[in-house]
Amino acid sequence: MTNRRAEFINMVDHLTDVPQKIVQKEARLASQSPYRQYYHIEGESGAIGDPNGFSYFNGKYHLFHQWSPLAFSQSPHYTQHGWKHLISKDLVHWENLGAGMESDTPLDRYGTYSGSAIPVEDKLFLMYTGNTWVNTQSEDDWHRVPFQVGAMMDKDNQVVKWTKPLMKGPLPGYTGHFRDPKIFKKDDTYYAVLGIQRENLTGTALLVKSKDLKNWKIVGEIKPTANQSLGYMWECPDYYEIGDNGILEFCPQGLKEKDNHFRNIYQNGYFIGKKLNLDTGEFDCQNFQELDKGFDFYAMQTMQSPDDRRILMAWMGISDIEYPTTKFHYNGSLIFPREITVKNNHIYQSPIREIKNIYSTNYTGKVTVKHCEKVNAGNVNARDIKIDVDCSSADYLILDLFADQKNTNHLRLIFNQKKNEFIVDRSHCGVSFAEAYGNTRFCSLDLSKKVKVRILQDISSAEIFLNDGKEVFSLRLFSPSEDHNIFLTSHNGTSVVDYDIHELQKIM
Ligand code: FRU
């Protein structure tokens, strides 16, 4: 608590109020990091987090994200600055527009928290949570007052925040944890889903609606038939429909680890079912499923592209984890955008097809792996790797990425045919971190038949897609750049691997 009070005193309204010398010094230090990504979005310095306001407006994709460029500077130092704004024509190359919104009004004084956006006539409407604290002068009686706030952005990307809040928390029966509105429109009504904590300290999602964006009515809690009690707070909910399916994504906090599930500090996942009843909040759905089983994935948000694809963005990171880049005064990366499809009540994810825009050298081949084989595919860890794995005649096949010459340091992927299990192991992979949450992640996988594997490798991350994105694992890792080798090892039998690898350009 005391720390936060010290932070309040240091806060500035606008980054332009901070001497350029300080801002540039932070950016210079961050740029010296050996872990800077080639094609994933990162911050120029400080901390980045949740994608916000992901939308298509005025002929471009707009993406904002949580942004605190001075999170690691001594003075000034603050961790809740605002939203950074990026625009793109292809979801791959991004133009940095700098501050989109900063925490500069009485409604968002202590944090322009997460939110979303929707085009309204010739403007983009932004809906977000303004975080405020009251009684900050007293040691023990200060508490959170969340506002849901509206703002309009014009075609010149100028944002005007509304001074009257759309909603003020805490709502009766709930605590001050009330945030992250995701707006959508159905017929002539706007709806939003928000994360909220009940007074009994359980998490849920609230559905609200409005005809004019100014007056909002509470429909009620979303009532999933799956009716699982999921943690103490749900952050960053998102509701959307694909075909006849309704999908509620959210990040439940406080789930206990169970049978290799929920191993991260905070979770992410979804309910899928029939379309949500927007009059009552009733939601006929299946049990909760994890969206991404990797180590570093959180706060996802989707948007509908003009050609009708559902595109997913997320933070490739999780709160309260100390990442090794902190040493260079920055933290956080976003995932590479993904397209979502649905089959048999399950979400499939794959990297957006526009990734081709950054393809360079291509390596293809077929290897029959008897013992250990090295795959030659350039010497930079920025690749789109597609491989078909057939290890049905072996006990298991190991794929090592980010490997040194001797293959002692690596990110290890194990296809265990004996156990029909897939394992990601980052225990011998550069700088260790977040070890309290384990070094391995698993899923069951039928290895009696061929498996399609796709991996987006960037300098300090991997996104692994199995069988057309039925299972996905996203993670950060921090190994030396000379560890760029790829090895295949087959145990107790021969495996066959077809590969098609594209090196990816450095665009960040
Ligand atoms: C999720 C989150 C959101 C909140 C934002 C603040 O990572 O905690 O619930 O709006 O981050 O940065």
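Computed from a prediction, not measured in an experiment: that's the story for all the values here.

Thoughts on the domain arrangement of the protein chain
Part 1 of the reasoning: Domain boundaries in the protein chain define domain 1 (4-351) and domain 2 (357-504).
Part 2 of the reasoning: One C-alpha centre belongs to domain 1, the other to domain 2, and the line joining them spans 31 Å.
Part 3 of the reasoning: Around 3,400 Å² of area is buried between domain 1 and domain 2 when both sides are counted, 60% of it from carbon and sulfur atoms.
Part 4 of the reasoning: Across the domain 1-domain 2 interface, the total number found is 4 salt bridges.
Part 5 of the reasoning: In this structure, the salt-bridge partner of Asp296 is Arg426, at a minimum N-O distance of 3.0 Å.
Part 6 of the reasoning: At the boundary of domain 1 and domain 2, one finds 24 residue pairs in polar contact (both at pLDDT 80 or more).

Thoughts on the sheet that holds strand β35 (residues 485-491)
Part 1 of the reasoning: A sheet is described by the order of its strands in space; here 6 strands give the open sequence β26-β35-β28-β29-β30-β31, paired in antiparallel fashion. Single-partner strands in this sheet number two, and they are β26 (372-375) and β31 (440-444). Adjacent strand axes in the sheet meet at a mean angle of 15° when their direction is disregarded.
Part 2 of the reasoning: As paired strands, strand β29 (residues 411-416) and strand β30 (residues 421-425) are joined by 5 bridges and run antiparallel to one another. By the bridge assignment, Asn416 is partnered in β30 with Glu421.

Here we look at the site of the ligand
Part 1 of the reasoning: As a structural note, the neighbourhood of the ligand is formed by Asp50, Gln66, Gln80, Tyr113, Ser114, Arg179, Asp180, Glu235, Tyr298 and Trp315.
Part 2 of the reasoning: Note that an oxygen atom of the ligand is positioned 2.9 Å from one of the side-chain N or O atoms of Arg179.
Part 3 of the reasoning: Within the side chain of Asp180, one N or O atom sits 2.5 Å away from an oxygen atom of the ligand.
Part 4 of the reasoning: Summarising the interface, the protein chains cover 88% of the accessible area of the ligand, which totals 320 Å² for the free molecule.
Part 5 of the reasoning: Elements represented by at least two residues in the shell around the ligand include exactly β5 (112-120) and β10 (174-186).
Part 6 of the reasoning: Its residues assigned to classes, the shell around the ligand comprises 3 nonpolar, 3 polar and 4 charged.

Here's the deal with the pattern of salt bridges
Part 1 of the reasoning: Counting across every chain of the model gives 26 salt bridges.
Part 2 of the reasoning: For the salt bridge of Asp284 with Lys274, the shortest nitrogen-to-oxygen distance reads 3.3 Å. Pair noted here: Asp284 is in the loop between β18 (282-283) and β19 (289-290) and Lys274 is in the loop between β17 (269-273) and β18, with a separation of 10 residues, a long-range link.
Part 3 of the reasoning: Look at Asp284 and you get partly exposed, because its relative accessible area is 39%.
Part 4 of the reasoning: On the accessibility criterion, Lys274 (54% relative accessible area) is exposed.

Calculation notes
- Residues numbered from 1 in each chain as written.
- Predicted model: local features only at pLDDT ≥ 70, side-chain atom pairs only at ≥ 80, totals over all residues.
- Heavy atoms only, no water.
- Domains from an automatic or database assignment.
- Buried area = accessible area lost by both parts, 1.4 Å probe.
- Salt bridge = Lys/Arg side-chain N within 4 Å of Asp/Glu carboxyl O.
- Polar contact = N/O pair within 3.5 Å; in protein donor to acceptor, adjacent residues only side chain to side chain.
- Pairing = 2+ DSSP bridges.
- Helix = DSSP H or I, 4+ residues; strand = E, 2+ residues; numbered from the N terminus.
- Axes fitted to C-alpha atoms, helices over the stretch in contact; angles between N-to-C directions.
- Near = heavy atom within 4 Å.
- Areas by Shrake-Rupley, 256 points an atom, 1.4 Å probe, with all protein chains shown as cover.
- Nonpolar A, V, L, I, M, F, W, Y, C, P; charged D, E, K, R; others polar.
- Buried < 20%, exposed > 50% of the residue type's maximum accessible area, 1.4 Å probe, protein only.

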